[in-house]
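Close look at the chain arrangement
In case you want the letters, here they are:
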Amino acid sequence: MTKTIKSAVSLVVLAAASLGAHAADFPARDKVITIVVPFAAGGPTDRVARDLAEAMRKPLGGATVVVDNAAGAGGSIGANKVARAAPDGYTLLLHHVGMATMPTLVRNIPFKVESDFEYLGMINDVPMTLIGKPALPASNYRELAGWVNQNKGKINLGNAGVGSASHLCGLLFQTALKTDMTAVPYKGTGPAMTDLIGGQIDLMCDQTTNTTSQIEARKVKAYAVTTAKRLSTAALKDLPTLQEAGLKDFQVTIWHGLYAPKGTPADVQKKLNDAMKVALRDPEFIKKQEGLGAVVVTDKRMEPAEHKKFVQSEIAKWSPIIKAAGVYAD
Ligand code: ASP
């Protein structure tokens, strides 16, 4: 009997030591930290992830931080990949408001947003813009609203799948205009943007991190921003808010956060959050983000506990809105 207890005790000590040792030497020189983006490369989420990966390398002692695009199902495929990953700090998820809409939108969601992830902190708030194909016969929001009414049932609206930010914004836009459009889902608004520029789809609501450069290059028509106040960047400052345009209390801002699988050692979580805070204060990171209309988080949402509280409040906020719109994804 004593022998069995002794060997069990030594096993526990060994396991604790290895975890402790693991956290102490995190990140190991020979290991890669992967930030999973649940959308295709070239889109707004991918952009935030690549900028953050760049800014986190130095505070993580020069670690190799890469981005892995695991797209599909409006972001739930990538989120599930991280929920199932080893809780060792080397596989992280960068996601947006989809973490708060999936619990209501995706009926058979394969993971629990509130209990299958460790919350590492928030990153930024990103406005959205309502944009159209170059040949769309409307040069301002008023003309666009008229065109939408004259073309009921004939309009194609691009998005990144049910549960994506573009899907959510498109939903609110259709509800506000009391009209239905045909949703054309892509693996991300990166590829969707290519089709909008090419005229294969008519409209899209997407984050300024993806639309700013296309609006500046006049490759798409821009109609409005979804924030309560107009933006200050050169390319977007003349765009009216949708509220100004008459869609009262229409307001959508897309926030991004970083997550690890549940059970990631607390020490490792702290190292990652500390590195995030250094990255978010990096002037280079801030300049890149602000140049694309994003606002880097400086408030208490940088703290993991506040990050989790914020997501829980967003789940409660979006659930009735989504249910009222009567949209689900299986
Ligand atoms: N953020 C998604 C992307 O990066 C787009 C979306 O959620 O609509 O493609």
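This report concerns the structure included in the present document. (Residues numbered from 1 in each chain as written. Predicted model: local features only at pLDDT ≥ 70, side-chain atom pairs only at ≥ 80, totals over all residues. Heavy atoms only, no water.)

**Section: the overall build of the protein**
From N to C terminus, the protein includes 11 helices and 10 strands. Against the 2.2 N^0.38 benchmark of 20 Å for 330 residues, the protein shows a C-alpha radius of gyration of 21 Å, consistent with a compact globule. Principal-axis analysis of the C-alpha atoms gives the protein an extent of 85 × 40 × 30 Å. For the protein, buried positions account for 54% of its 330 residues. Pairs at least 24 apart in sequence give 79% of the contacts found in the protein among residues at least 6 apart. As displayed, the protein has an accessible area near 14,300 Å², and 57% of this comes from carbon and sulfur atoms. (Helix = DSSP H or I, 4+ residues; strand = E, 2+ residues; numbered from the N terminus. Rg over C-alpha atoms; globule rule 2.2 N^0.38 Å. Buried < 20%, exposed > 50% of the residue type's maximum accessible area, 1.4 Å probe, protein only. Contact = heavy atoms within 4.5 Å. Areas by Shrake-Rupley, 256 points an atom, 1.4 Å probe, with all protein chains shown as cover.)

**Here's the deal with the packing of aromatic side chains**
Per the counting criterion, the structure on display carries six aromatic pairs. Summarising the aromatic geometry, the rings of Phe111 and Phe117 are spaced 5.7 Å apart at their centres and angled 85° between planes, so their arrangement reads as edge-to-face. Each member of the pair, Phe111 as well as Phe117, is classed as buried. A ring pair is formed by Phe117 and Tyr259, whose centres lie 6.1 Å apart and whose planes are at 70°; its orientation type is edge-to-face. On the criterion of sequence distance, the pair formed by Phe117 in strand 4 (residues 117–132) and Tyr259 in strand 9 (residues 253–261) is long-range, its members being 142 residues apart. Judged by its relative accessible area of 1%, Phe117 falls in the buried class. A network of ring pairs unites the aromatic residues Phe111, Phe117, Tyr119 and Tyr259 as a single cluster. Positioned above the aromatic ring of Phe310 is the side chain of Arg301, whose terminal nitrogen or guanidinium carbon lies 5.0 Å from the ring centre. (Phe/Tyr/Trp six-rings, centres within 6.5 Å; stacked < 30°, edge-to-face > 60°. Lys NZ or Arg CZ within 6 Å of the ring centre and 35° of its normal.)

**Re the packing of helix 2 (residues 44–57) against helix 9 (residues 266–280)**
Taken N-terminus to C-terminus, the directions of helix 2 and helix 9 make an angle of 105°; their axes are 8 Å apart at the nearest point. Taken together, the axes of helix 2 and helix 9 are roughly perpendicular relative to one another. On the side of helix 2, the interface is formed by Leu52, Ala55 and Met56, while helix 9 contributes Leu272, Ala275, Met276, Ala279 and Leu280. Taken together, the residues that form the contact of helix 2 with helix 9 break down as eight nonpolar, no polar and no charged. (Axes fitted to C-alpha atoms, helices over the stretch in contact; angles between N-to-C directions. Parallel < 35°, antiparallel > 145°, perpendicular 65-115°, else oblique. Nonpolar A, V, L, I, M, F, W, Y, C, P; charged D, E, K, R; others polar.)

**Structural notes on helix 8 (residues 208–216)**
Residues separated by three or four positions in an α-helix point in the same direction, a consequence of the helix having 3.6 residues per turn. Among the nine residues in helix 8, seven count as buried, and that is most of the element. The complete set of buried residues in helix 8 reads Thr208, Thr209, Asn210, Thr211, Thr212, Gln214 and Ile215. Elements in contact with the buried residues of helix 8: helix 2, strand 4, helix 7 (189–197), strand 7 (203–207), strand 8 (221–225) and helix 10 (283–291). Count one or two residues on from helix 8 and you reach Arg218, which has phi positive near 55°.

**Some thoughts on the nonpolar core**
Within the largest apolar cluster, 85 residues are counted, with the highest numbers of intra-cluster contacts made by Phe117, Leu144, Phe173 and Leu258. Top contributing element to this core by residue count: strand 4, with seven residues. Other than its neighbours up to four places away in sequence, Phe117 contacts Ala79, Val82, Ala83, Leu93, Met99, Phe111, Lys112, Tyr259, Ala260, Pro261 and Lys262. The next biggest cluster of nonpolar side chains, apart from the first, holds 13 residues, and it includes Ile131, Leu196, Val225 and Leu236. (Core = buried A, V, L, I, M, F, W, Y, C linked by side-chain atoms within 4.5 Å.)

**Describing the pairing of strand 5 (residues 156–159)**
Bridge count for strand 5 against strand 6 (residues 182–185) is four bridges, and the pairing is parallel. For Gly158, the partnering residue across the bridge sits in strand 6 and is Val184. Assessed by its sense of winding, the connection that carries the chain from strand 5 through helix 6 (residues 165–176) to strand 6 is right-handed. With two bridges joining them, strand 5 and strand 7 adopt parallel strand pairing. (Pairing = 2+ DSSP bridges. Right-handed = clockwise from strand over helix to strand, strands pointing away.)

**Here's the deal with the environment of Lys288**
Looking at the secondary structure, you find Lys288 in helix 10. The sequence separation of Lys288 and Asp51 amounts to 237 residues, and the corresponding C-alpha distance is 7.7 Å.

**Thoughts on the site of the ligand**
The full set of residues close to the ligand is Phe39, Gly43, Pro44, Thr45, His96, Ala160, Ser164, Ala165, Ser166, Gly188, Thr189 and Gln207. Within the backbone of Ala165, a nitrogen or oxygen atom sits 2.9 Å from an oxygen atom of the ligand. Here a nitrogen atom of the ligand and a side-chain polar atom of Gln207 are 3.0 Å apart. Of all the cavities here, the one that holds the ligand is the largest cavity. A breakdown of the residues in the shell around the ligand according to their chemical character gives four nonpolar, eight polar and no charged. (Near = heavy atom within 4 Å. Polar contact = N/O pair within 3.5 Å; in protein donor to acceptor, adjacent residues only side chain to side chain. 1 Å grid on protein atoms, 1.4 Å probe; cavity = no way out; pocket = protein on both sides within 12 Å on 5 of 7 lines; lining within 4 Å. Sits in = over half its atoms within 2 Å of the grid points.)

**What about the packing of helix 4 (residues 98–105) against helix 11 (residues 304–325)?**
Between helix 4 and helix 11, the least distance of the axes is 8 Å, while the angle of their chain directions is 45°. Classed by the angle they form, the pair helix 4 and helix 11 counts as oblique. As helix 4 packs across helix 11, the resulting crossing turns out to be right-handed. Contacts from Met99, Ala100, Thr101, Pro103, Thr104 and Leu105 in helix 4 reach Val311, Glu314, Ile315, Trp318, Ser319, Ile322 and Lys323 in helix 11. Classifying every residue of the contact of helix 4 with helix 11 gives eight nonpolar, three polar and two charged. (Left-handed = near helix turned anticlockwise from the far one by under 90°.)

**Quick look at the pattern of salt bridges**
Going through the model one piece at a time under the given rule, you end up with 14 salt bridges. Measuring nitrogen to oxygen at the nearest pair gives 2.7 Å for the salt bridge that ties Arg301 to Asp125. With Arg301 in the loop between strand 10 (295–296) and helix 11 and Asp125 in strand 4, the pair connects residues that are 176 residues apart, well separated along the chain. Here Lys237 makes a salt bridge to Asp238, at a shortest N to O gap of 3.6 Å. (Salt bridge = Lys/Arg side-chain N within 4 Å of Asp/Glu carboxyl O.)

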